[in-house]
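# Chains, contacts and geometry: an overview
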Amino acid sequence: QVQLVESGGGLVQAGGSLRLSCAVSGRTFSRYAMGWFRQAPGKERMFVAFIKWSGDNTYYADSVKGRFTISRDNATNTVYLQMNSLKPEDTAIYYCAATSRRVGLVYGYAYDDWGQGTQVTVSS
């Protein structure tokens, strides 16, 4: 079983930046694709970004493309989400997730393990 712990959330003004971290333990981190998802109040969980095991293959939701950057450090078993130019509509609980699958990575059901989430609030 894989354990994931997110951190770095908080309150920020519109236009500001935050960097989320997800520490992973329990299995060989480097073999996993990692994803970030978010869930706003009253809405379904939505895909944000994923990064494959090698780190050179990333993909983003259109709503965050150009503003968010996903990265990973296989030496420290950590995945990051750098969020710039934040907007009030980015307000949500952000979750990281891990999977050994190689396809379908924009879908939540493709991921086997999830963190507990970290709250991001962007004020206008």
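Look above for the structure.
Rules of the game
- The numbers attached to residues start from 1 for each chain and follow its sequence in the written order.
- Only residues with pLDDT of at least 70 get local features here, since the model is predicted, and only at 80 or more are side-chain atom pairs given and counted; chain-wide, interface and lining totals rely on the full set of residues.
- With hydrogens and water excluded, all non-hydrogen atoms of the structure serve as input to the side-chain values.
- For the exposure calls, accessible area comes from a 1.4 Å probe over protein chains only, and a residue counts as buried if that area is under 20% of its type's maximum, exposed if over 50%, partly exposed in between.
- Numbering of helices and strands runs from the N terminus; a helix is a DSSP stretch of H or I covering at least four residues, while a strand is a stretch of E covering at least two.
- Here, any two strands with at least 2 DSSP bridges between them count as paired.
- Here, a salt bridge means any side-chain nitrogen of Lys or Arg that lies within 4 Å of a carboxyl oxygen of Asp or Glu.
- In what follows, a disulfide is any cysteine sulfur pair within 2.5 Å.
- Here the positive residues are Lys and Arg and the negative ones are Asp and Glu; neither His nor the chain ends is included.
- For this analysis, a polar contact is any N or O atom pair within 3.5 Å, provided that within protein one partner can donate a hydrogen and the other can accept it, and provided that sequence-adjacent residues contribute only side-chain to side-chain pairs.
- Any two residues having at least one pair of non-hydrogen atoms within 4.5 Å are treated as being in contact.

### Observations regarding the pairing of strand S9 (residues 92-99)
For S9, the tally of buried residues reaches seven of eight residues, placing the bulk of the element in the interior. Direction of pairing for S9 relative to strand S11 (residues 118-123): antiparallel, over a ladder of three bridges. The residue bridging Ile-93 from the neighbouring strand is Gln-119, located in S11.

### Let's talk about the pattern of salt bridges
Across all of its chains, the model carries four salt bridges by this definition. In this structure, Asp-90 and Arg-38 form a salt bridge, with 2.9 Å as the shortest nitrogen-oxygen distance. In this pair, Asp-90 sits in the loop between strand S8 (78-83) and S9 while Arg-38 sits in strand S4 (residues 33-39), placing the two residues 52 residues apart along the sequence. With respect to class, Asp-90 is no different from Arg-38; both count as buried. Across the salt bridge formed by Arg-67 and Asp-90, the nearest N and O atoms sit 2.8 Å from each other. Placement of the pair is Arg-67 in the loop between strand S6 (58-60) and strand S7 (68-73) and Asp-90 in the loop between S8 and S9, with a sequence separation of 23 residues. Relative accessible area serves as the criterion here: at 11%, Arg-67 is assigned to the buried category. A cluster of three or more residues bridged by salt bridges with shared partners is formed by Arg-38, Arg-67 and Asp-90.

### A look at the state of the cysteines
In the structure shown here, the tally under the stated rule is one disulfide. One disulfide bridge connects Cys-22 with Cys-96, the sulfur atoms lying 1.9 Å from each other. The disulfide joining Cys-22 to Cys-96 has a torsion of about 50° about its S-S bond and is therefore right-handed. Residue Cys-22 is located in strand S3 (residues 18-25), and its partner Cys-96 is located in strand S9; the two are separated by 74 residues in the primary sequence. Each member of the pair, Cys-22 as well as Cys-96, is classed as buried.

### Details of the side chain of Arg-72
By secondary structure assignment, the location of Arg-72 is in strand S7. Among buried Asp, Glu, Lys and Arg side chains, Arg-72 stands out as unpaired, with Asp-73 the closest opposite charge at 8.2 Å. Within the local environment of Arg-72, its side chain forms a polar contact with the backbone oxygen of Tyr-32, the two atoms lying 2.7 Å apart. Polar contacts involving the side chain of Arg-72 include one to the side chain of Asn-74, which spans 2.8 Å. When neighbours within four sequence positions are excluded, Arg-72 is seen to be in contact with Phe-29, Ser-30, Tyr-32, Ala-33, Met-34, Ile-51, Lys-52, Trp-53, Gly-55, Thr-78 and Val-79.

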